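Overview (structure and organization)
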Amino acid sequence: MPAPEPVRLTLAERRKVETRLDIARTAARLFAEHGTADVTAEQIAEASGIALRTFYRYSRTKEDAVEPMLTTGAQRWFEAIASGPRRLPTLADLEAAAVQSLTIDGGEDFELTRGLLQAMETDPALRAVWHRINMEGERELRRVLTELAGPDADSLHLRLLAAAAAGAIRIALEQWAAGTGTEAPASLVVRCIRALGAGV
């Protein structure tokens with residue numbers, strides 16, 4: 001079975017995606033500069049150059065505004081897995097796809113993401129957004145794996161594989177954000193996934 005064609009967005013859809021990402025970056029910068037508690041939705045909207053009503057069309061809360069930036073890497077990972085061989089990926093396949101998605105130059109987005117992951121330690125609302133993103137990511141990964149594995153695959157195995165792989169990525173990113181060393185996220189992801197393969 002051939003790999004599915006990538007979804008092509010219309011110009012209007014691309015602009016909407018870009019606007020959401022611009023709002024996310026603006027919110028992340030303001031959170032980093034002033035702390036999440038001291039930043040309002042009105043301030044994010046003003047700094048983004050949009051009306052407050054427009055802000056709420058894109059985001060339910062100020063914390064939710066950062067979601068598009070936090071999900072970009074995961075979407076690249078899912079796309080890399082889906083574009084691979086039409087079979088259930090091995091841990092090595094998942095690792096290679098994760099490294100590919102994380103070694104694309106994220107520039108400022110990487111540092112903004114690091115700041116958000118650090119801030120969530122003391123911000124329950126931001127932490128709830130991160131946990132929801134990860135749960136939704138795990139479900140999406142399970143969907144991708146199910147499509148690749150076919151209808152006869154063991155659904156329990158697929159759920160466990162999706163949970164383990166998604167958890168490894170989450171732990172690697174959180175460890176990277178909390179650390180003071182220079183180890184890159186991709187390197188930590190490799191360590192986590194290989195630890196899974198070794199039977200941790």
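Provided above is the structure to which this section pertains.
Report follows, based on the coordinates. Given the structure is predicted, the values throughout are model-derived calculations rather than measurements.

Let us now look at the overall build of the protein chain. Helix and strand counts for the protein chain come out as nine helices and zero strands. Its C-alpha radius of gyration of 18 Å places the protein chain within 12% of the 16 Å reference for a compact globule of 200 residues. In terms of overall dimensions, the protein chain has C-alpha extents of about 50 × 40 × 30 Å along its principal axes. The buried share among the 200 residues of the protein chain stands at 37%. Of the roughly 11,500 Å² of accessible surface on the protein chain, a fraction of 54% belongs to carbon and sulfur atoms.

Below, the discussion takes up the packing of helix 1 (residues 11-34) against helix 6 (residues 108-119). Taken N-terminus to C-terminus, the directions of helix 1 and helix 6 make an angle of 50°; their axes are 9 Å apart at the nearest point. Classified by the angle between their axes, helix 1 and helix 6 sit oblique to one another. Considering how the two elements wind past one another, helix 1 and helix 6 form a crossing that is left-handed. On the side of helix 1, the interface is formed by Arg 25, Ala 28, Arg 29 and Phe 31, while helix 6 contributes Glu 108, Asp 109, Leu 112 and Leu 116. Residue classes in the contact of helix 1 with helix 6 are distributed as four nonpolar, no polar and four charged.

What follows covers helix 4 (residues 67-82). Here helix 4 spans 22 Å end to end across 16 residues, near enough to the 22 Å set by a 1.5 Å rise per residue. Considering bend angle alone, the principal kink of helix 4 is centred on Gly 73 and spans about 30°. Where the residues of helix 4 are buried, they touch helix 1, helix 5 (91-102), helix 6, helix 7 (124-149) and helix 8 (155-178).

All right, on to the packing of aromatic side chains then. Evaluation of the coordinates by the stated rule reveals three aromatic pairs. Taking 5.2 Å as the distance between ring centres and 80° as the angle between the ring planes, the aromatic pair formed by Phe 55 and Tyr 56 counts as edge-to-face. A relative accessible area of 0% places Phe 55 in the buried class. With a relative accessible area of 43%, Tyr 56 lands in the partly exposed category.

About the cut-offs
Residues numbered from 1 in each chain as written. Predicted model: local features only at pLDDT ≥ 70, side-chain atom pairs only at ≥ 80, totals over all residues. Heavy atoms only, no water. Helix = DSSP H or I, 4+ residues; strand = E, 2+ residues; numbered from the N terminus. Rg over C-alpha atoms; globule rule 2.2 N^0.38 Å. Buried < 20%, exposed > 50% of the residue type's maximum accessible area, 1.4 Å probe, protein only. Areas by Shrake-Rupley, 256 points an atom, 1.4 Å probe, with all protein chains shown as cover. Axes fitted to C-alpha atoms, helices over the stretch in contact; angles between N-to-C directions. Parallel < 35°, antiparallel > 145°, perpendicular 65-115°, else oblique. Left-handed = near helix turned anticlockwise from the far one by under 90°. Contact = heavy atoms within 4.5 Å. Nonpolar A, V, L, I, M, F, W, Y, C, P; charged D, E, K, R; others polar. Expected span 1.5 Å × (residues − 1). Bend = angle between axes of the 7 residues up to and from the residue. Phe/Tyr/Trp six-rings, centres within 6.5 Å; stacked < 30°, edge-to-face > 60°.

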